[in-house]
Amino acid sequence: MKKKIAILGATGSIGIQALDIIRSNSDLFEVVLITANNHVEQLSTLAQEFQPREVVIANEKLYTLLCERLSNYPINVSAGAKALEESVTHSDIDIVLSALVGYAGVLPTLSAIRAKKTIALANKETLVVAGELIMAEAQQKGVTIYPVDSEHSAIYQCLMGEIARPEKLILTASGGPFLKHSVHQLETITPEQALKHPTWDMGAKVSIDSATLMNKGFEMIEAHWLFDMPARSIEVLVHPQSVVHSMVQFSDGSVKAQMGQPDMRLPISLALGLGERIPNTYPRYDFTQTPLSFERPDTTRFPNLSYAYQTLDMGGLAPCILNAANEVVVAAFLEKRLSFRGMSYVLEEILSTMLASNRPFELEALITTNDEVRQKTELLIQSGKYR
């Protein structure tokens, strides 16, 4: 029987690759819901091809246009944040692939969990911002969360069949395009340069986070929640070749690594297959191609990674504060209103001023804090202090 799939963020990098997998395995999967934020033309084209039961556009201003594009198809069209949250609760959905970018993925993913849907999680910010709440809800509802990030999928695969608790998780990082740049060189980096990731094809937000190592910091927090490991037992190693996707060290000193081509279709298909491997004809890695190397990250040049460890240690709403501020600074950098290093300077100042008033963790406080941090971060950027 076909698994019925909902894809949140169907026009993004993960969504497009997931649809490619579904297109090639139509005997296994059926798309029943797709969503997008603003890419209405691309969303309507995908809807016409896959003909899901429902299509949701988050930007309500594009609702009429989407309706026009799909007027000749038996597809329900809806719009807005609430519609997004409600759409994932329908009874015909088996798996929700949460591939939205940033904070936008938190509430729809939570809604899907409360509706007892299996989650394929590609939105790391869901666990960065609300990991405590998300994991508690998943446990209460008996919901399984399959990781889609390549690093967490790798750890998941390394733990398959293991009974003993791991001693350490080792997350690998490509290091981004500026691995060998000096602090002085980082001062003049442009968005165009930062978007050119050396090994992965990702969206703009994730590409910038990769360049600053914030992405790896968020993945560390995500690993903490997914695998119930303390921050001190999660190590990050820079591995420019992106062949070893992550490793697990056990109490006897043994280390298991998951390796392969840097191709996101591999972890996506494993998650959609609920841990079962789906055969494919993708290129295989040639281990004679290049030597593999590893080094420790430099948090002096890339301090964002250390901010992630700091906020996870603090707990509560601290990671939410970091994520909200980071989304604002990345947007400002892409708009050329903030320098590359300026992103880290702003984050440091926001953390130093807002962590002292950290509220107890609860959903309403999370939503309020997210809004407050965004406003304060934008005001700091507008001051021109770090331009």
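By the naming in an unreviewed UniProt entry, the protein chain goes by 1-deoxy-D-xylulose 5-phosphate reductoisomerase and is assigned to Porphyromonas gingivicanis. Per UniProt, the protein chain has the following entry under Function (unreviewed entry): "Catalyzes the NADPH-dependent rearrangement and reduction of 1-deoxy-D-xylulose-5-phosphate (DXP) to 2-C-methyl-D-erythritol 4-phosphate (MEP)."

(A) Region of the structure containing the overall build of the protein chain. The helix and strand inventory of the protein chain stands at 16 helices and 11 strands. Its C-alpha radius of gyration of 20 Å places the protein chain within 12% of the 21 Å reference for a compact globule of 387 residues. For the protein chain, the spread of C-alpha atoms along the principal axes amounts to about 55 × 50 × 40 Å. When the 387 residues of the protein chain are sorted by exposure, 56% land in the buried category. Considering only contacts within the protein chain whose residues lie at least 6 apart along the sequence, 69% involve residues at least 24 apart. Accessible surface, the protein chain: about 16,600 Å² in total, of which carbon and sulfur atoms supply 51%. With 34 positive and 43 negative side-chain charges, the protein chain shows a spacing of 1 Å between the two charge centroids.

(B) Region of the structure containing the UniProt feature "binding site: 1-deoxy-D-xylulose 5-phosphate" (unreviewed entry) in the protein chain. According to UniProt, the feature "binding site: 1-deoxy-D-xylulose 5-phosphate" (unreviewed entry) maps to Lys 124, Ser 150, Glu 151, Ser 174, His 197, Ser 210, Asn 215, Lys 216 and Glu 219 in the numbering used here. In the annotated set above, the residues contributing to the lining of the second largest pocket are Ser 150. Relative to the helices and strands, Ser 150 is located in helix 7 (residues 150-159). For Glu 151, the location among the structural elements is in helix 7.

(C) Examining the domain arrangement of the protein chain more closely. What the domain assignment lists for the protein chain is domain 1 (3-148), domain 2 (149-263 + 277-297) and domain 3 (315-386). If you average the C-alpha positions of domain 2 and of domain 3, the two centres end up 25 Å apart. Contact with domain 2, which involves 19 residues of that partner, is made by 15 residues of domain 3. Summing the contributions of domain 2 and of domain 3, the shared interface buries around 1,400 Å²; its carbon and sulfur component is 76%. Counting across the domain 2 and domain 3 interface gives 2 salt bridges. Of the charged contacts in the structure, one is a salt bridge between Lys 336 and Glu 192, with a shortest N-O distance of 3.1 Å.

(D) Structural context of the pattern of salt bridges. The final tally for this structure, using the stated rule, is 24 salt bridges. Of the charged contacts in the structure, one is a salt bridge between Arg 265 and Asp 263, with a shortest N-O distance of 2.7 Å. Just as Arg 265 is buried, Asp 263 falls in that class too. Several salt bridges share partner residues, and in doing so they unite Asp 20, Arg 23, Glu 49, Asp 263 and Arg 265 into one network.

(E) The arrangement of the pairing of strand 2 (residues 29-36) in detail. With 7 of 8 residues buried, strand 2 lies mostly within the body of the structure. Alignment of strand 1 (residues 3-8) against strand 2, held across 6 bridges, turns out to be parallel. By the bridge assignment, Leu 8 is partnered in strand 2 with Thr 35. Between the parallel pair strand 2 and strand 3 (residues 54-57), the chain is carried across by helix 2 (residues 40-50), and the sense of this crossover is right-handed.

(F) Broad picture of the packing of helix 5 (residues 106-114) against helix 6 (residues 125-141). Contact pair helix 5 / helix 6: the axes reach a minimum separation of 10 Å and the direction vectors enclose 10°. The orientation of helix 5 with respect to helix 6, classified from their angle, is roughly parallel. The segment helix 5 lies against helix 6, with Val 106, Thr 109, Leu 110, Ile 113 and Arg 114 engaging Glu 125, Thr 126, Val 129, Ala 130, Leu 133, Ile 134, Glu 137, Ala 138 and Lys 141.

(G) Representation of unusual backbone geometry. Look at Lys 116: it is not a glycine, yet its phi comes out positive at around 65°. With respect to the secondary-structure elements, Lys 116 resides in the loop between helix 5 and strand 6 (118-121). Given the relative accessible area of 57%, Lys 116 is considered exposed. Notably, Asp 228 is not glycine yet its phi reads approximately 55°, a positive angle. Here Asp 228 lies in the loop between helix 11 (214-227) and strand 9 (234-238). Residue class for Asp 228 comes out exposed when judged on its relative accessible area of 53%.

(H) Representation of the packing of helix 7 against helix 11 within the structure. Viewed as axis vectors pointing N to C, helix 7 and helix 11 meet at an angle of 35°, and their least axial separation amounts to 10 Å. In the packing of helix 7 onto helix 11, the handedness of the crossing is right-handed. Together, Glu 151, His 152, Ile 155, Tyr 156 and Leu 159 of helix 7 and Lys 216, Glu 219, Glu 222, Ala 223, Leu 226 and Phe 227 of helix 11 make up the contact between the two elements. Of the residues belonging to the contact of helix 7 with helix 11, the class tally is 6 nonpolar, 1 polar and 4 charged.

(I) Molecular detail of the environment of Ser 254. Along the chain, Ser 254 falls in the loop between strand 10 (244-249) and strand 11 (255-259). Taking relative accessible area as the criterion, Ser 254 reaches 36% and is therefore assigned partly exposed. Along the primary structure Ser 254 and Ser 111 are separated by 143 residues, whereas in three dimensions their C-alpha atoms are 39 Å apart. Filtering out sequence-adjacent residues up to four positions away, Ser 254 remains in contact with Val 248 and Gln 249.

(J) Focus on the layout of surface pockets. There is about 460 Å³ of room inside the second largest pocket. The wall of the second largest pocket is formed by 24 residues, among which Gln 258, Met 259, Leu 266, Arg 277 and Asn 280 lie closest to the centre. Only helix 7, strand 11 and helix 12 (265-272) provide two or more residues apiece to the lining of the second largest pocket. Here the lining of the second largest pocket is composed, by residue class, of 12 nonpolar, 9 polar and 3 charged.

About the cut-offs
Residues numbered from 1 in each chain as written. Predicted model: local features only at pLDDT ≥ 70, side-chain atom pairs only at ≥ 80, totals over all residues. Heavy atoms only, no water. UniProt positions renumbered as here; feature names shortened; annotations may be inferred. Helix = DSSP H or I, 4+ residues; strand = E, 2+ residues; numbered from the N terminus. Rg over C-alpha atoms; globule rule 2.2 N^0.38 Å. Buried < 20%, exposed > 50% of the residue type's maximum accessible area, 1.4 Å probe, protein only. Contact = heavy atoms within 4.5 Å. Areas by Shrake-Rupley, 256 points an atom, 1.4 Å probe, with all protein chains shown as cover. Lys, Arg positive; Asp, Glu negative; His and termini not counted. Charge placed at Lys NZ, Arg CZ, Asp CG, Glu CD. 1 Å grid on protein atoms, 1.4 Å probe; cavity = no way out; pocket = protein on both sides within 12 Å on 5 of 7 lines; lining within 4 Å. Domains from an automatic or database assignment. Buried area = accessible area lost by both parts, 1.4 Å probe. Salt bridge = Lys/Arg side-chain N within 4 Å of Asp/Glu carboxyl O. Pairing = 2+ DSSP bridges. Right-handed = clockwise from strand over helix to strand, strands pointing away. Axes fitted to C-alpha atoms, helices over the stretch in contact; angles between N-to-C directions. Parallel < 35°, antiparallel > 145°, perpendicular 65-115°, else oblique. Left-handed = near helix turned anticlockwise from the far one by under 90°. Nonpolar A, V, L, I, M, F, W, Y, C, P; charged D, E, K, R; others polar. Points joined across faces, edges and corners; volume = space filled by probe spheres on them.

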